[in-house]
Amino acid sequence: MPDIDPGSLANEMLKAASGVLRDRWPDVKGYAEMEFKKAAETIAAIQRMRLVGEITEEQARLLMEMQKHAMRSVMTAVEIMSVVAAEQAINAAIGAVRKTVNTALGFVLL
Amino acid sequence: MNLRQPQASLGPRRFSLVVLALFAAAALGLSACTAEFIAQHDEATVRAVTDLLRKVDSFLIKLERALETPADADDARYEKHVAFYDEIRVDLNLIRVRAKALPRNERTVRQIDDLEAALKNFEDLHRQGLNRQVVTTARGIISQAIEAILKAEFAKRRGP
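Residues numbered from 1 in each chain as written. Chains lettered and ligands numbered in written order. Predicted model: local features only at pLDDT ≥ 70, side-chain atom pairs only at ≥ 80, totals over all residues.

Colleague: Looking at this structure, how should I read the overall build of chain A?
Modeller: If you tally the helices and strands in chain A, you get three helices and zero strands. Along chain A, helices and strands appear, N-terminal first, in the series α-α-α. For a compact globule of 110 residues, the expected C-alpha radius of gyration is about 13 Å, and chain A comes in at 22 Å, more than 25% above that figure. For chain A, the spread of C-alpha atoms along the three principal axes comes to 75 × 20 × 15 Å. Taking all 110 residues of chain A together, 33% fall into the buried category. Considering only intrachain contacts with a sequence separation of at least 6, the fraction spanning at least 24 residues in chain A is 61%. (Helix = DSSP H or I, 4+ residues; strand = E, 2+ residues; numbered from the N terminus. Rg over C-alpha atoms; globule rule 2.2 N^0.38 Å. Buried ≥ 20, exposed ≤ 12 C-beta atoms within 10 Å, placed from the backbone. Contact = placed C-beta atoms within 7 Å.)

This is the structure in structure tokens:
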């Protein structure tokens, strides 16, 4: 069984996530990089422990399940950070035209 | 609503801005003149999740210590810690109920569900019998899941 390279694994995860998040990627890149690296190292450690017989197949499976849930929580955090960044961008844009629009309309719309 | 005297005429640029603003307001359902797609930061959730992290981490450190020496390994047996898992389940349920009650907070509820599932996996591992390596690895994973909830909650703070 070939060894898992945590560096390559983290890079694959980063590539996939950055492709999906595109415009919002710069807002979450630092956090995502750090967490993907942690996850990749954990996955590699689980494989190593299984190979040398420190853990059983069932223990490896349950640890991988745990890591899957933790990664989903990380990805949800990334999603929340992206949504907040989008919300702030929209509110900044609205703020920029607020005075002009309200003055033009003659009442407070924005 | 603050009504003022409408201006006699709008220039083409201002007219475009008004149309754009009307569309934005309608599309975003703006009621307070700002878009809000996600729940506000909730300090009570931060406190409860931080307490949970402290509780789970202390428990895992104790297990690690017990498993270091064969003489103490019996202290790590699942049967001796069933009450801890019940307590954690209650804590998680309280956090989830509060999170569910907050509007636009479905993503945080999803994170809590994932944390609960990870802790359930660890309980299964414990039931089958642990060794130190398993506990150390699981500790890192659980911390990552809890930190993700805190990271997201802090991201919800909108600065001026």
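The discussion continues.
Colleague: Before we go on, may I ask you to explain the nonpolar core in this structure?
Modeller: Burial of nonpolar side chains together is a common tendency in soluble globular proteins. Of all hydrophobic cores here, the largest spans 50 residues; its most connected members are Met66 and Met81 of chain A together with Ala118, Ala138, Ile142 and Ala145 of chain B. Among the elements that take part in this core, helix 3 (residues 57-105) of chain A stands out by supplying twelve residues, more than any other. Each residue touching Ile142 of chain B, except ones within four places of it in the same chain, is listed here: Val56, Ala118, Leu119 and Phe122 of chain B. (Core = buried A, V, L, I, M, F, W, Y, C linked by C-beta atoms within 7 Å.)

Colleague: Could you clarify how one ought to interpret the packing of helix 1 (residues 6-21) of chain A against helix 2 (residues 25-51) of chain A in this entry?
Modeller: Between two packed helices, what matters for the description is the angle formed by their axes and the separation of those axes. All names here are of chain A. Closest axis-to-axis distance for the helix 1/helix 2 pair is 8 Å, and the angle between their directions is 145°. Seen along the crossing, helix 1 lies across helix 2 with a hand that is right-handed. Touching Pro6, Leu9, Ala10, Met13, Leu14, Ala17, Ser18 and Leu21 of helix 1 are Trp25, Val28, Ala32, Glu33, Phe36, Lys37, Ala40, Glu41, Ile43 and Ala44, all from helix 2. For the contact of helix 1 with helix 2, the class distribution of residues is 14 nonpolar, one polar and three charged. (Axes fitted to C-alpha atoms, helices over the stretch in contact; angles between N-to-C directions. Left-handed = near helix turned anticlockwise from the far one by under 90°. Nonpolar A, V, L, I, M, F, W, Y, C, P; charged D, E, K, R; others polar.)

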